[in-house]
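Now for the letters of each chain:
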Amino acid sequence: MTNHNLFAALRAAFPAALDEVAIETGDGLLYSWRDLEHGSAMMANLLQSLNLPEGARIAVQVEKSVEAMVLYLATLRAGYVFLPLNTAYQSLEIEYFIGNAEPSVVVCSSANFGWVSKIAFKAGTQHVFTLGDDRTGSLLERAAHCSDQHEVVVKQPDDMAAILYTSGTTGRSKGAMLSHGNLLSNARVLQDYWGWKQGDVLIHALPIFHVHGLFVAIHGALINGSKMIWLAKFDPKKVIEKLPQATVFMGVPTLYVRLLAEPGLTVDACRSMRLFIAGSAPLLIETFREWQARTGHTILERYGMSETAMLTSNPYQGGERRGGTVGFALPGVSLRVVGDDGQGLPPGEIGNIQVKGPNVFAGYWRMPEKTAEEFTADGYFKTGDVGKIDADGYITIVGRSKDLIISGGYNVYPAEIEGYINELPGVAESAVVGVPHPDFGEVGVAVVIAKPGATPDGARIVATLKSSLANFKVPKQCFVVSELPRNTMGKVQKNVLREQYKALFA
Ligand code: MLC
Ligand code: AMP
């Protein structure tokens, strides 16, 4: 029987010489392909020794490390479902994710063990392990006693491999269920489309709890048997120092903006580079042009989502990489732009982007109604992005129908933040909007109306939010005003607020 386990395909691409370096960390630690093979086998054996139920979720909130990546590989290998969580999430957020996903295993940092394990055990999780970013923790201690031989568990293409939480259009976060088939098909298409070749070396500088760092970057390198230079945190100086040893770099637009601020970014520093890829948020045309001028390289912009992995890409070869566009639908992906009546629109007209393909997820975890709402009768997924396809086939994203702010590549849902602000003392109502920001692309700003007689303070509201929410979600500023602009239906006109505050960080 063919094994469709994603790990089996990644493992098959490891070079024959298993003692070669697979990963070099920013601190100079070297991991061989054999280390990845044995490490993932030991952790997979540990997970399997726990007698977890079929489809058990392994929830992981740990700092970035090679061992954290090995835990991801081990979860695939053992046939369980990986559930990565942003390290910025605080207790209220973690409580929701663990309560909703009901993971059998939770892995957290030692520093957070106290509060995370309390939440996990309360939610019925049986096993809580710790994993530090310095090769410490109970997960590694336990795995050290396990065999380094392990047979990859057989999976079918539709079997679930990971759940990524994303808020979609409204309401609380929803877990997008991605299958082995979704992830493997996307990895293979990108390997071919981006011309991955022997000798490629990827600089991995992104977090590993979202699609970009976890899937696009890690799968990209592993399925090509390519070495990674592994940076625990993004540091522009460190990236520039490593560029001469690398060929491929991936980043959200903020990473490119910060690299451009470094005088060390020169044509010479990029001499060995083959490809710079950007995505997760709109890349400003100014950044695209400045990069070309400074490095001689044209950034390749692509577009994707948690629910779909990668959807479109500018060409690697055989065509122009057009700034301000996200290129063409990837092979196997059907992408259409429709009007509000669901009818396809002619080239150049702006409408809703819908997609279909082997990369598109099966649905949201335990939310069949939400899933049904987000798919059309003929099986297209409604992305919530608004765009157009020009006469040459290039796709441009011009906005979003979903109320979403993308800040430094992280998604912030205004409705969630407004919910927290509205609970604060003295607040009658609030609106959170995204405004342009030179570093993060876009940041949230809160506009608040006080309850009669109350005098809430904007700075204090920001400080209070920081103590209970992931820091990237906290509005950078909060204004208390006497009224919010409304349309004739009484709905807050967020476009008016965005216009009013657009120069705040200019
Ligand atoms: C940090 N802060 C942010 C922020 N990151 N605020 C808004 N947006 C962000 N993204 C906060 C910090 O908590 C801090 O607050 C202040 O802003 C300054 O922080 P910093 O030191 O400058 O931040 P840093 O740690 O350097 O992180 C910035 C960053 C990081 C850009 C490196 O945000 C990052 O790694 N972003 C990548 C996200 C990503 O991988 N997205 C892919 C999603 S996948 P204070 O209050 O403490 O001063 C996806 C699909 C697809 O979208 O298509 O790929
Ligand atoms: P996430 O839910 O975190 O996966 O974020 C997905 C969203 O990021 C998409 O629906 C888009 O709105 C946005 N996005 C991803 N890549 C791009 C891009 N290249 N340009 C503009 N927006 C993008």
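Throughout, a residue's number is its position along its own chain's written sequence, starting from 1. All chains are assigned letters beginning with A, and all ligands numbers beginning with 1, in the order in which they are written. Local features in a predicted model are, by the rule used here, given only for residues with pLDDT of at least 70; side-chain atom pairs are given and counted only at 80 or more, and totals for whole chains, interfaces and linings are based on all residues. Heavy atoms from the whole structure form the basis of all side-chain values; hydrogens and water molecules are not counted.

In the nomenclature of an unreviewed UniProt entry, the chain corresponds to AMP-dependent synthetase and ligase from the organism Polaromonas naphthalenivorans. In its Sequence similarities (unreviewed entry) section, the UniProt record describing the chain reads: "Belongs to the ATP-dependent AMP-binding enzyme family." UniProt positions are given in the numbering used here, feature names are shortened, and annotations may be inferred rather than shown by experiment.

Q: Even after reading the chapter, I still don't get the environment of His-4, so can you show me in this structure?
A: The secondary structure listing takes helices from DSSP runs of H or I that are at least 4 residues long and strands from runs of E that are at least 2 residues long, numbered from the N terminus. Along the chain, the position of His-4 falls in the segment before α1 (6-12). On a C-alpha basis, the gap between His-4 and Gly-264 in space is 44 Å, while along the polypeptide they are 260 residues apart. Working rule for contacts: check all heavy atoms of both residues, and any pair within 4.5 Å makes them a contact. Contacts of His-4, omitting those with residues within four sequence positions, involve Lys-155, Gln-156, Pro-157 and His-180.

Q: Before we go on, may I ask you to explain the site of ligand 1 in this structure?
A: The environment of ligand 1 is made up of 22 residues, and the closest members are Ser-280, Arg-302, Ser-407, Lys-466 and Lys-476. Pairs of N or O atoms within 3.5 Å make up the polar contacts considered here, provided that, within protein, one atom can donate a hydrogen while the other can accept it, and that residues adjacent in sequence are counted only when both atoms are side-chain atoms. Within the backbone of Gly-304, a nitrogen or oxygen atom sits 3.3 Å from an oxygen atom of ligand 1. Bound to the protein, ligand 1 loses 73% of the 1,000 Å² it would expose on its own. Mapped onto the shell around ligand 1, the elements with two or more residues apiece are α8 (211-222), α10 (253-260) and β13 (300-305). If one sorts the elements of the shell around ligand 1 by residue count, α10 sits on top with 3 residues. Domain limits in this description derive from either an automatic procedure or a database domain assignment. Shared between two domains, the shell around ligand 1 takes at least three residues from each, and those domains are domain 1 (6-233) and domain 3 (405-501). If a single non-hydrogen atom of a residue is within 4 Å of a molecule or strand, that residue counts as near it. Surface accessibility follows the Shrake-Rupley procedure with a 1.4 Å probe radius. Residue values consider only the protein chains on display as shielding.

Q: In this structure, what is going on with unusual backbone geometry? I would like to understand it.
A: Trans is the common state for peptide bonds, and a negative phi is the common state for residues other than glycine. With phi around 55 degrees, Asn-51 is a residue other than glycine that occupies positive phi space. Each residue is placed in one exposure class: buried if its accessible area under a 1.4 Å probe, protein chains only, is under 20% of its type's maximum, exposed if it is over 50%, and partly exposed if it falls in between. Overall, the relative accessible area of 68% leaves Asn-51 in the exposed class. The phi dihedral of Ser-280 falls on the positive side, at around 90 degrees, and the residue is not glycine. Its place among the elements puts Ser-280 in the loop between β12 (275-278) and α11 (285-295). By relative accessible area, Ser-280 is classed as partly exposed at 27%.

Q: I'm lost on the sheet that holds β12 in this one. Help?
A: Backbone hydrogen bonds hold the strands of a sheet together, and the pairing may be parallel or antiparallel. A strand pair is defined by DSSP finding two or more bridges across the two strands. Reading across from one edge, β2-β1-β10-β9-β11-β12-β13-β14-β15 is the order of the 9 strands in this open sheet, with mixed pairing throughout. The open sheet has two free edges, formed respectively by β2 (30-32) and β15 (328-329), since each of these has just one partner strand. In terms of strand pairing, strand β9 (residues 201-204) meets strand β11 (residues 248-251) through 2 bridges, oriented parallel. Note on β11: the bridge partner recorded for Leu-202 is Val-248.

Q: Help me understand the UniProt feature "domain: AMP-binding enzyme C-terminal" (unreviewed entry) in the chain, please; the structure alone is not making it clear to me.
A: UniProt annotation of "domain: AMP-binding enzyme C-terminal" (unreviewed entry) refers to residues 416-491 when read in the numbering used here. Between the C-alpha atoms that bound residues 416-491 there is a distance of 17 Å. The span itself is 24% helix and 34% strand.

Q: Quick question: what am I supposed to make of the site of ligand 2 here?
A: Taken together, the neighbourhood of ligand 2 is formed by 17 residues, with Glu-301, Arg-302, Ser-306, Asp-385 and Lys-402 sitting nearest. A distance of 3.1 Å is found between a nitrogen atom of ligand 2 and a backbone nitrogen or oxygen belonging to Ser-280. The separation between an oxygen atom of ligand 2 and a polar side-chain atom of Asn-411 is 2.9 Å. Burial of ligand 2 by the surrounding chains reaches 92%, relative to a free accessible area of 500 Å². The set of elements that each furnish at least two residues to the shell around ligand 2 consists of β13 and β20 (395-400). Of all the elements, β13 adds the most residues to the shell around ligand 2, at 5 residues. In this count, Pro and Cys sit with the nonpolar residues alongside Ala, Val, Leu, Ile, Met, Phe, Trp and Tyr, while Asp, Glu, Lys and Arg are called charged and the others, Gly among them, polar. For the shell around ligand 2, the class distribution of residues is 7 nonpolar, 5 polar and 5 charged.

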